[in-house]
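# An overview of the molecular structure
Chain by chain, the residues:
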Amino acid sequence: MKNLLINFIDWYIENNEGKTANYLANNFNDDKDLFIAEVADYAVEFALAYGYNPFKVDKEKIAILKKDVYTDDSSFGKFSAPSHMPRAILGDNNYLKFLEVWYADKEATELKKPRKKTITYHHEREEIRKNFTLRLATQDRFYNFLYFPVSVLKKLFYKKERKAFFDNWINHQMDNITVYGGPSLKLLFKDVETLDIDKDGVVLINGKHRLHTVVSAENAVVEACVTNIKSLVIDHVESFQYILYALKDQLPTLRTIHNVLENINDGAISNRGELTYPGNYLVDNVDFTDAELDSLEKEMNLILSKINLQLMDKSEHLGKKK
């Protein structure tokens, strides 16, 4: 069953935003990603209340979905009560209306159009690894208690002729990403040679295993349904924020880097744009001794020892509580 979250968001922005409502502008500063994450949270609360994902429903279940959306004496009803936004977003004028249009269009398409030949997107090992390696090496984290500016750390290690350490640190994570080839079949990313994605969203691993994904709001593993390789994401089984917080007192060199970056920036850093100048300045102008770099390597290896990654459908990953 396809997860319709992203489809609904696109439909909502095209048909409702600025016309019947202004949720995106008034509550999320026109940031689509923030809006998606918020609606995904609504889906999590709904699933906790009723035991199913509202964005994965058959046409026959729409009536049940409507009843559940408007039930007051449920945990979702209480969750929605303060602002009524969750119920409004999932309700008659938004998501329920979208479902009617979605299934009507789907049935019309199936009746009128001949079935086309499946189009497959084929990805080889080198391309796959390059794609996901770039993501890991640019996933900077900005927490009040400690920054983890991995893109800056990469530049620092490369400049100090410690490229091998950083590359091995990234590759160890890549190799050990869990890839579900079925509900109970766990593969490792290092064993993935090819990925084939067809027009129906089916992903084949090495030409034989159908890619599955953890369902964020349920204790289950289901078949993934994606449109392209960008719809696959690397997920931390245990939140990276939680890992870093638990280890923060054992990471003195990272603490120093955190403080230096804030001093250069003359204040806190909250995104990659703000990191650019202080990050480059640190790499080019701040001296690190061999002992400090050795300490930084040990700290990164300590973090590495706690990391557990899995490959996940992006639409399901958006539903995870961060």
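See above for the structure.
About the criteria used
- Residues numbered from 1 in each chain as written.
- Predicted model: local features only at pLDDT ≥ 70, side-chain atom pairs only at ≥ 80, totals over all residues.
- Heavy atoms only, no water.
- Core = buried A, V, L, I, M, F, W, Y, C linked by side-chain atoms within 4.5 Å.
- Buried < 20%, exposed > 50% of the residue type's maximum accessible area, 1.4 Å probe, protein only.
- Contact = heavy atoms within 4.5 Å.
- Salt bridge = Lys/Arg side-chain N within 4 Å of Asp/Glu carboxyl O.
- Helix = DSSP H or I, 4+ residues; strand = E, 2+ residues; numbered from the N terminus.
- Pairing = 2+ DSSP bridges.
- Axes fitted to C-alpha atoms, helices over the stretch in contact; angles between N-to-C directions.

## Here's the deal with the nonpolar core
Counting 56 residues, the largest nonpolar core has Phe132, Phe148, Trp169, Leu244, Met300 and Ile303 as the members making the most contacts within it. Apart from the residues lying within four places of it in its own chain, the contact partners of leucine 244 are Tyr143, Phe145, Leu146, Phe148, Leu251 and Ile303. Trp11, Tyr23, Met85 and Tyr95 belong to the second-largest nonpolar core, a separate cluster that totals 33 residues.

## So, the pattern of salt bridges
Taken as a whole, this structure holds 14 salt bridges when the rule is applied. In this structure, lysine 32 engages aspartate 10 in a salt bridge whose closest nitrogen and oxygen atoms are separated by 2.6 Å. Note that lysine 32 is positioned in helix 3 (residues 32-50) and aspartate 10 in helix 1 (residues 5-15), a separation of 22 residues in sequence. Judged by its relative accessible area of 32%, lysine 32 falls in the partly exposed class. Among the ionic pairs, lysine 199 bridges to aspartate 200, the shortest N-O distance being 3.5 Å. In the salt-bridge network here, residues are joined through shared partners; they are Arg162, Asp290, Asp294 and Glu297.

## Some thoughts on the pairing of strand 12 (residues 309-313)
In terms of burial, strand 12 is a largely internal element, five of the five residues being buried. Pairing between strand 11 (residues 232-236) and strand 12: five bridges, direction antiparallel. Bridge assignment links aspartate 235 to a residue of strand 12, and that residue is glutamine 310.

## Looking at the sheet that holds strand 7 (residues 203-205)
If you trace the four strands from one edge of the open sheet to the other, you get 1-6-7-8, paired in antiparallel fashion. A single partner strand is all that each edge strand has here, and the edge strands are strand 1 (121-124) and strand 8 (209-210). In this sheet, strand 6 (residues 194-197) lies alongside strand 1 in antiparallel orientation, the contact comprising four bridges. Bridging across to strand 6, histidine 123 finds its partner in leucine 195. Together, strand 1 and strand 6 form the strand contacts of helix 8 (residues 125-137), whose direction differs from that of strand 1 by roughly 85°.

## A look at the pairing of strand 6
Across the two faces of strand 6 the burial is the same, with Thr194 and Asp196 and Leu195 and Ile197 all buried. Joining the antiparallel neighbours strand 6 and strand 7 is a turn of five residues, in which glycine 201 adopts a positive phi near 90°.

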